[in-house]
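# Summary of structural features
Residues per chain are reported as follows:
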Amino acid sequence: MSALVCGCADNKDDTVKMITEATFPPYEFLRGQEIVGIDVEICRAVAQKLGKNFQCETVDFDSVIPAVISGKAHLAAAGITVTEDRKKNVDFSDPYVKTGIVVVYKKGNPFKDTAQLKGKKIGVQGGTTSETFVTDELKQEPERTKSPAEAVAALKAGRVEFVIADIDPAKNCVKGEDTLAISDFITSEEYAIAIKKGQPELLKTINETIAEVKADGRLEKWVADFTAEADKLKDK
Ligand code: ARG
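Here we summarise the structure given alongside this text. Quantities reported herein were computed from a predicted structural model and do not represent experimental measurements.

## What to know about the site of the ligand
The environment of the ligand is made up of 14 residues, and the closest members are Glu21, Ala78, Thr81, Arg86 and Asp166. Thr81 is positioned such that a nitrogen or oxygen atom in its side chain is 2.7 Å from a nitrogen atom of the ligand. A distance of 3.0 Å separates a nitrogen atom of the ligand from a polar side-chain atom of Gln125. Expressed as a share of its isolated accessible area of 350 Å², the protein-covered part of the ligand is 100%. Its residues placed into classes, the shell around the ligand shows 5 nonpolar, 5 polar and 4 charged.

## What about the side chain of Asp166?
Residue placement: Asp166 occurs in strand S11 (residues 162-166). Buried and unpaired, Asp166 has Arg86 as its nearest opposite-charge partner, separated by 7.8 Å. Here the side chain of Asp166 touches Tyr191 through a polar contact of 2.6 Å, side chain to side chain. When near neighbours in sequence (up to four residues on either side) are disregarded, Asp166 contacts Phe24, Gly79, Thr81, Gly100, Ile101, Thr129, Ser130 and Tyr191.

## What about the state of the cysteines?
Scanning the model with the defined rule gives 0 disulfides in all. Between Cys43, a free cysteine, and Cys56, which holds the nearest cysteine sulfur, the sulfur-to-sulfur gap is 7.4 Å. For Cys43, a relative accessible area of 0% gives the class buried. Cys173 carries a free sulfur, and the closest cysteine sulfur to it, the one in Cys56, is 20 Å from it.

## Remarks on the pattern of salt bridges
Opposite charge on two side chains makes pairing possible when the charged atoms of those side chains draw close. Per the counting criterion, the structure on display carries 18 salt bridges. The salt bridge involving Glu212 is made with Lys49; its shortest N-O contact spans 2.7 Å. Of this pair, Glu212 sits in helix H7 (residues 200-215) while Lys49 sits in helix H1 (residues 38-50), and the two are 163 residues apart along the sequence. Taking relative accessible area as the criterion, Lys49 reaches 28% and is therefore assigned partly exposed. Between Arg218 and Asp216 there is a salt bridge whose closest N-O contact spans 2.9 Å. Through salt bridges with shared partners, a single ionic network connects Lys49, Lys204, Glu208 and Glu212.

## Side note on the sheet that holds strand S12 (residues 180-182)
Here 5 strands make up an open sheet; going across it, the order is S10-S9-S11-S8-S12 and the pairing mixed. Only two strands of the sheet have a single partner each, and these edge strands are strand S10 (143-145) and S12. Strand-to-strand twist of the sheet, defined as the mean angle between neighbouring strand axes without regard to direction, takes the value 30°. Pairing geometry for strand S8 (residues 101-106) and S12, over 3 bridges, is antiparallel.

Reading guide: rules and limits
Residues numbered from 1 in each chain as written. Predicted model: local features only at pLDDT ≥ 70, side-chain atom pairs only at ≥ 80, totals over all residues. Heavy atoms only, no water. Near = heavy atom within 4 Å. Polar contact = N/O pair within 3.5 Å; in protein donor to acceptor, adjacent residues only side chain to side chain. Areas by Shrake-Rupley, 256 points an atom, 1.4 Å probe, with all protein chains shown as cover. Nonpolar A, V, L, I, M, F, W, Y, C, P; charged D, E, K, R; others polar. Helix = DSSP H or I, 4+ residues; strand = E, 2+ residues; numbered from the N terminus. Buried < 20%, exposed > 50% of the residue type's maximum accessible area, 1.4 Å probe, protein only. Lys, Arg positive; Asp, Glu negative; His and termini not counted. Salt bridge = Lys/Arg side-chain N within 4 Å of Asp/Glu carboxyl O. Contact = heavy atoms within 4.5 Å. Disulfide = S-S within 2.5 Å. Pairing = 2+ DSSP bridges. Axes fitted to C-alpha atoms, helices over the stretch in contact; angles between N-to-C directions.

Written out as structure tokens, the structure is:
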């Protein structure tokens, strides 16, 4: 069995701690008080492979990566896009999904192209690649919210004109909303698990786990099941 080398104070701990931000269906969301979703299952499988217990905690998205850098958690999994900037601070696993961000808009105010976004009030979840799209590509300040759903609520209330978010939570947000629609991808991104730098053993175990859950159909099943469950929760 491979050892979990976490390089942190609670090294002897027999529990793998995952850190996430659970307003991001179907990757992580709340079922009552319980954090569930695709990322949770991938990390649970990593813990299983290591023969360890598993724990998951949710914090603001801004605090997810800092939590593995400080050693507060072992695995950061939160639909985290691999970026060059983040690679300076953490090591990333192999990617487990190809995805990207989209524009959420009111059908009465159709989105055509990103040039149209210039100078507009745009809602984004703070700390995300949607935020850096607005600051770095559009060279303006977005309206930051705590979750994609909160940004979409601001769109519905007319406090912002557009929302930018990852496609899957965006799809969940517009589900059952007749007045809202989403665009095609405006970026191409990949999600991976982030860990504190310099843990080749742990990284290897994570990559093996990702390869296994992809190959044996578990990942595909989690995607289908948690998408359906998150959509159902929306209907309530
Ligand atoms: N993929 C985007 C990023 O890495 C958004 C992730 C937000 N995740 C979350 N669990 N709220 O910036």
